[in-house]
Amino acid sequence: MADLLNMDPMAEAWLLPTQMLIAINSNDQSRAAQALEEGLDCDHRFNCGSKFQPALSLCIERGRTEIVQLLISRGCSVSQPDSGGSSPLHSAAYSQRVGVTRLLLRHGASPNTRDAFTRTPLHVAAENGSLEIVRLLVQAALQLAAAGGHADLVRLLLVHGAAPGAADVLGHAERTIERLPLPPRIKGYLLFAE
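Calculation rules
- Residues numbered from 1 in each chain as written.
- Predicted model: local features only at pLDDT ≥ 70, side-chain atom pairs only at ≥ 80, totals over all residues.
- Heavy atoms only, no water.
- Core = buried A, V, L, I, M, F, W, Y, C linked by side-chain atoms within 4.5 Å.
- Buried < 20%, exposed > 50% of the residue type's maximum accessible area, 1.4 Å probe, protein only.
- Helix = DSSP H or I, 4+ residues; strand = E, 2+ residues; numbered from the N terminus.
- Contact = heavy atoms within 4.5 Å.
- Axes fitted to C-alpha atoms, helices over the stretch in contact; angles between N-to-C directions.
- Parallel < 35°, antiparallel > 145°, perpendicular 65-115°, else oblique.
- Left-handed = near helix turned anticlockwise from the far one by under 90°.
- Polar contact = N/O pair within 3.5 Å; in protein donor to acceptor, adjacent residues only side chain to side chain.
- Salt bridge = Lys/Arg side-chain N within 4 Å of Asp/Glu carboxyl O.

Q: Whenever I open this one, the nonpolar core confuses me. Can you help?
A: Looking at soluble globular proteins, one finds that nonpolar side chains tend to be buried together. The biggest cluster of nonpolar side chains holds 39 residues, and the ones touching the most others in it are Met20, Leu56, Val68, Leu71, Ile72, Leu104 and Leu105. Secondary structure elements with two or more residues in this core: helix 1 (9-26), helix 2 (29-37), helix 3 (55-61), helix 4 (65-73), helix 5 (88-95), helix 6 (98-106), helix 7 (121-127) and helix 8 (131-147). Residues in contact with leucine 71, not counting those within four places in the same chain, are Met20, Leu36, Cys42, Ala55, Leu56, Cys59 and Cys76. Counting seven residues, the second-largest nonpolar core is a separate cluster that includes Leu142, Ala145, Leu157 and Ala162.

Quick look at the structure:
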């Protein structure tokens, strides 16, 4: 690819994004890595008809998990929305990608982002009937509520099936809720629920 960069500046500007699109469409992780090594910004946004989408969201929608992992390892934003306001977590919920949803949450994707229609990833997962993604997002909400010391919200989530002893979905230590310095009232809810 380096030889091709000795060309017209207009062509040069399109070369790396084109290589990444080819990599995404053909699920070619080595080509994607090469485009990134040659200087493509891992947060590059592609014009996809009516909207601009980050490379990460395109990979999620197309089920390119290895390239998703590559982009995240290169430091791409796990929360960068497309021009319609949908985050990569929205894309994972819409595409029903459970493993990618877990990966995004562990790398800091916010489950509270809203798209242009004010929907969160939880709304999208519920609309698409993705029970496992709904469970992951509710578990993330429980962990965030507990960390924030919001006793009433913790109780509500527990009443509606959130599991305090479930695996940590946000990438903290296992069973994070039990280790947090929580007010006694919240600890009581959590211990009672188990």
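Next, the rest of the story.
Q: Sorry if this is basic, but what is going on with the packing of helix 6 against helix 8 here?
A: Axis angle and axis distance: for two packed helices, these are the angle between their axes and the distance between the axes, and together they describe the pair. As a packed pair, helix 6 and helix 8 sit with axes 9 Å apart at the nearest point and diverge in direction by 15 degrees. Judged on the interaxial angle alone, helix 8 and helix 6 are roughly parallel. In this structure, helix 6 crosses over helix 8, and the sense of that crossing is right-handed. Across from Val98, Thr101, Arg102 and Leu105 in helix 6, the residues of helix 8 making contact are Glu132, Ile133, Leu136, Leu137 and Ala140.

Q: Quick question: what am I supposed to make of the side chain of histidine 90 here?
A: Among the structural elements, histidine 90 can be located in helix 5. A polar contact is formed between the side chain of histidine 90 and the backbone oxygen of arginine 119, at a distance of 2.7 Å. For histidine 90, the contacting residues outside a window of four places in its chain are Gly85, Thr113, Arg114, Asp115, Arg119, Thr120, Pro121 and Val124.

Q: What is the right way to read the pattern of salt bridges from this model?
A: Pairing is possible between side chains of opposite charge, provided their charged atoms come close. One pass over the full model with this rule turns up six salt bridges. Note that arginine 74 and glutamate 37 form a salt bridge whose closest N and O atoms lie 3.5 Å from each other. Here glutamate 37 lies in helix 2 and arginine 74 lies in the loop between helix 4 and helix 5, a separation of 37 residues in the sequence. When the shortest N-O distance is used, the salt bridge between arginine 119 and aspartate 115 registers 2.8 Å. Residue arginine 119 is classed as partly exposed on the basis of its relative accessible area of 25%. What you see here is one network of salt bridges that share partners, running through Asp115, Arg119 and Glu127.

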